[in-house]
Amino acid sequence: MNRRNFLSLSGAGAAAFALAVNGYTENRAWASTAFPSYPFALGVASGEPAPDGVVLWTRLAPEPLDPEGRGGMPSGNVRVEWEVAEDESFTRVVRRGSEVTLSELGHSVHAEVTGLSPAREYFYRFRAGSEISPVGRTKTAPARTASPQSLSFALASCQAWVGGRYAAYRNLAAEDLDLVVHVGDYIYEERNTEKLADFRRLHSEYKTSPDLQAAHAAFPFVVTFDDHEIENNWADKISQPDGEASNSPERFVELRAAAFQAYWENMPLRRDARPEGPDMRLYRRLQFGRLAQFDVLDTRQYRDDQLQEGFPSAPLDPRAVDSSRTLTGDNQERWLFNGLEKSTARWNILAQQTIMTQFDYDTGPGVAVNHDQWDGYAASRARYLDFVSRNDVSNPVVLSGDWHSAWVNDLKSDFGDAASKTLATEFVSTSISSGCGWAGAVAAAVSHNPHVKFADGSKRGYTRCTVTPETWRSDFRIVTSAADTADPATTQNSWVVRNGRPGAQQV
Ligand SMILES: [Fe+2]
């Protein structure tokens with residue numbers, strides 16, 4: 001990559017560019033537009049692939065671990081230029097523009113590029129002052145009316161910090177994918193993560209991983225948060241007891257606002273996803289021609305409170321089946337059902353956080369479930385499964401994370417009756433790096449849950465999904481250890497769903 005070529009097409013020189021850089025007035029040393037060190041230390045990313053464009057993301061942070069959470073940046077605005085090309089050496093630049101980054105938004109860039117061609121690979125990069133970012137690769141979605149023959153993506157979740165290296169992401173970055181779907185636990189908050197500066201610093205630390213950066217630079221990401229981006233097992237405005245004391249509602253709303261703000265600043269999300277205080281509209285829909293529709297859910301912000309905190313399970317609370325309970329909130333559920341009703345997609349995918357299948361952890365006559373998952377909100381699950389069944393929604397597939405273990409589940413009309421109809425298929429991806437101390441509890445109970453075809457908490461990795469009009473294939477890709485990037489990933493096993501026949505079969 002020749003960094004000097006950045007403005008070669010426009011003919012603008014370094015002097016002209018310097019005039020476009022604002023905001024160095026507080027610290028005179030910055031008046032030269034020189035950064036104390038490389039400002040693109042967090043890498044680059046793209047997201048929200050549409051037929052005509054993508055979101056390009058970066059964040060200026062020459063000192064990522066700055067305890068003030070400012071990434072080593074002064075206050076004030078800094079202009080960042082971006083360009084998109086058809087080729088990696090930027091000889092065919094097709095779009096360029098600039099964004100003014102603000103200190104109150106963590107000097108983040110969320111450039112919404114439009115005017116691109118559908119189903120096409122592009123390369124992008126940024127410039128601030130005389131510094132040029134690494135090059136990212138991205139891909140637009142197919143045209144809405146197109147009938148693509150294939151879509152491939154990776155499902156990822158739960159990437160606890162294991163020192164900076166991620167074997168799963170190192171391997172994922174080498175796959176041939178159209179996108180990555182991340183269903184949460186992108187960071188893990190700590191006891192002292194309280195203020196915006198703390199959340200920013202934590203996101204920055206994770207983003208310093210060269211493997212995570214490589215994955216972002218290779219594919220567009222579609223992201224949604226789970227609990228640990230904010231606080232363990234939070235529910236709406238309710239903080240969960242975690243051994244010592246939960247936050248008061250007033251304090252938790254402040255914490256949620258800080259966490260949402262830092263999340264948005266650090267993700268390739270659209271501008272309209274920017275939080276307003278403690279509220280953030282994250283659920284949304286993405287289409288890949290007539291092949292696939294992704295309904296990306298937020299099952300934390302609008303949920304009723306958990307009924308039981310027992311971990312990994314507690315005896316089934318009779319209120320869990322109360323018809324008034326909701327995991328998604330009424331508005332999101334209505335939006336989901338409306339979208340499913342109108343869908344013309346062959347595969348209708350829910351990209352969301354917690355496990356949907358019923359799962360009884362009690363190997364005796366009792367019933368014990370994890371009330372943080374859909375089992376604690378059985379009416380929400382029943383409404384979804386009933387809806388896809390009654391409306392003949394084409395090939396419903398549920399993608400989940402959260403539980404640091406890989407699962408393949410038949411979602412049944414009656415989970416108590418193995419002979420009842422399978423209405424949808426669920427794939428749960430194992431964690432990128434987070435451990436699964438409850439793997440034994442899962443393994444012990446699998447045989448008591450015949451609709452669960454596979455469950456394993458002992459491996460780290462991601463799920464590679466290849467979707468064609470006739471077949472869905474999921475490959476569970478696993479690594480030998482979370483932070484050891486030396487070994488290549490292997491495929492633990494593979495599962496196929498045939499068009500029109502819910503339920504996966506092992507290959
Ligand atoms: Fe997690």
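Residues numbered from 1 in each chain as written. Predicted model: local features only at pLDDT ≥ 70, side-chain atom pairs only at ≥ 80, totals over all residues. Heavy atoms only, no water.

1. Section: helix α5 (residues 249-266)
In an α-helix, one turn spans 3.6 residues, which is why side chains three or four residues apart end up on the same side. Taking 1.5 Å per residue, 18 residues should reach 26 Å; α5 reaches 26 Å between its end C-alpha atoms and fits that length. Among the 18 residues in α5, 13 count as buried, and that is most of the element. (Helix = DSSP H or I, 4+ residues; strand = E, 2+ residues; numbered from the N terminus. Expected span 1.5 Å × (residues − 1). Buried < 20%, exposed > 50% of the residue type's maximum accessible area, 1.4 Å probe, protein only.)

2. Description of the sheet that holds strand β19 (residues 422-428)
Pairing is mixed in the open sheet, where seven strands are placed in the order β12-β13-β15-β17-β19-β18-β20. Each edge of the sheet is formed by a strand with only one pairing partner; in this case those strands are β12 (284-288) and β20 (452-456). Along the sheet, successive strands turn relative to each other by an average axial angle of 20°, direction set aside. For strand β18 (residues 406-412) and β19, the ladder comprises six bridges, and the chain directions are antiparallel. Note that in β19 the partner of Asp 410 across the bridge is Thr 425. On top of the sheet, helix α7 (residues 378-390) reaches β15 (347-351), β17 (396-400), β18 and β19; it is set at about 125° to β19, its chief contact. (Pairing = 2+ DSSP bridges. Axes fitted to C-alpha atoms, helices over the stretch in contact; angles between N-to-C directions. Contact = heavy atoms within 4.5 Å.)

3. Description of the coordination of the iron ion
Around the iron ion, the protein supplies Cys 158 (SG), Asp 185 (OD), Tyr 188 (OH) and His 404 (NE2) as donor atoms, at distances of 2.0 to 2.6 Å. One way to put it: the four donor atoms around the iron ion meet at angles of 88 to 168°, and that makes the site irregular. Mapped onto the polypeptide sequence, the residues donating to the iron ion form the spacing pattern C-x26-D-x2-Y-x215-H. Of the two residues, Cys 158 sits in the loop between β9 (151-156) and α2 (167-172) while Tyr 188 sits in the loop between β10 (179-182) and α3 (196-207), which places them 30 residues apart along the sequence. Cys 158 sits in the buried class, given a relative accessible area of 1%. Looking at Tyr 188, the relative accessible area reads 13%, which means it is buried. (Donors = N, O, S within 2.8 Å, 3.2 Å for Na, K, Ca; no water. Tetrahedral: all angles 85-135°; square planar, octahedral: opposite > 155°, others 65-115°.)

4. A word on the side chain of Arg 477
Looking at the element boundaries, Arg 477 is found in strand β22 (residues 471-479). We classify Arg 477 as buried; its relative accessible area is 13%. Engagement of the side chain of Arg 477 in a polar contact is seen with the side chain of Glu 175, the distance being 2.9 Å. (Polar contact = N/O pair within 3.5 Å; in protein donor to acceptor, adjacent residues only side chain to side chain.)

5. Section: the environment of Ile 432
For Ile 432, the location among the structural elements is in the loop between β19 and α8 (439-445). Taking the relative accessible area as the measure of exposure, Ile 432 reaches 0% and is therefore buried. Ile 432 sits 323 residues away from Val 109 along the chain, and the two C-alpha atoms are 26 Å apart. With residues up to four places along the chain from it excluded, the contact list for Ile 432 reads Ala 156, Ser 157, Cys 158, Gln 159, Tyr 166, Ala 168, Tyr 169, Arg 460, Gly 461, Tyr 462 and Ala 482.

6. Remarks on the domain arrangement of the protein
Domain parsing of the protein yields domain 1 (3-139) and domain 2 (151-506). The straight-line distance from the C-alpha centre of domain 1 to that of domain 2 is 31 Å. Counting residues at the interface gives 34 residues for domain 1, matched by 32 residues for domain 2. Interface of domain 1 and domain 2: buried area, both sides summed, is about 2800 Å²; carbon and sulfur atoms make up 50% of it. Our enumeration of links across domain 1 and domain 2 arrives at four salt bridges. Residues Arg 271 and Glu 99 are paired through a salt bridge, measuring 3.1 Å at the closest nitrogen-oxygen approach. (Domains from an automatic or database assignment. Buried area = accessible area lost by both parts, 1.4 Å probe. Salt bridge = Lys/Arg side-chain N within 4 Å of Asp/Glu carboxyl O.)

7. Section: the pattern of salt bridges
In the structure shown here, the tally under the stated rule is 30 salt bridges. Two residues, Arg 96 and Glu 83, come together in a salt bridge whose shortest N-O distance is 2.7 Å. Separated by 13 residues along the polypeptide, Arg 96 in strand β4 (residues 93-101) and Glu 83 in strand β3 (residues 78-85) bring together distant segments of the chain. Of the residues examined, Arg 96 reaches a relative accessible area of 33% and is grouped as partly exposed. Accessibility expressed as a relative area gives 0% for Glu 83, which makes it buried. For Asp 236, the salt bridge identified is with Arg 256, shortest N-O distance 3.5 Å. Taken together, the positions of Asp 236 in the loop between β11 (220-223) and α5 and Arg 256 in helix α5 put the pair 20 residues apart, joining distant regions of the chain.

8. Digging into the packing of aromatic side chains
Where two aromatic rings form a pair, the distance of their centres and the angle of their planes describe that pair. Scanning all chains against the criterion turns up 26 aromatic pairs. A centroid spacing of 5.6 Å and a plane angle of 50° characterise the contact between Phe 454 and Phe 476, whose relative ring orientation is tilted. Here Phe 476 lies in strand β22 and Phe 454 lies in strand β20, a separation of 22 residues in the sequence. The burial state of Phe 454 is the same as that of Phe 476; both residues are buried. Joined through ring pairs, the aromatic side chains of Phe 153, Phe 288, Phe 294, Trp 347, Phe 427 and Trp 472 make up one cluster. (Phe/Tyr/Trp six-rings, centres within 6.5 Å; stacked < 30°, edge-to-face > 60°.)

9. Some remarks on α7
Between its first and last C-alpha atoms α7 spans 18 Å; for 13 residues at 1.5 Å apiece the expected length is 18 Å, and the two agree. Listed as buried for α7 are Ala 378, Ala 379, Ser 380, Arg 381, Tyr 384, Leu 385, Phe 387 and Val 388. Looking at the buried positions of α7, the neighbouring elements they touch are α6 (330-342), β15, β17, β18 and β19. The positive-phi residue at the C-terminal boundary of α7 is Asp 392, with phi of around 50°.

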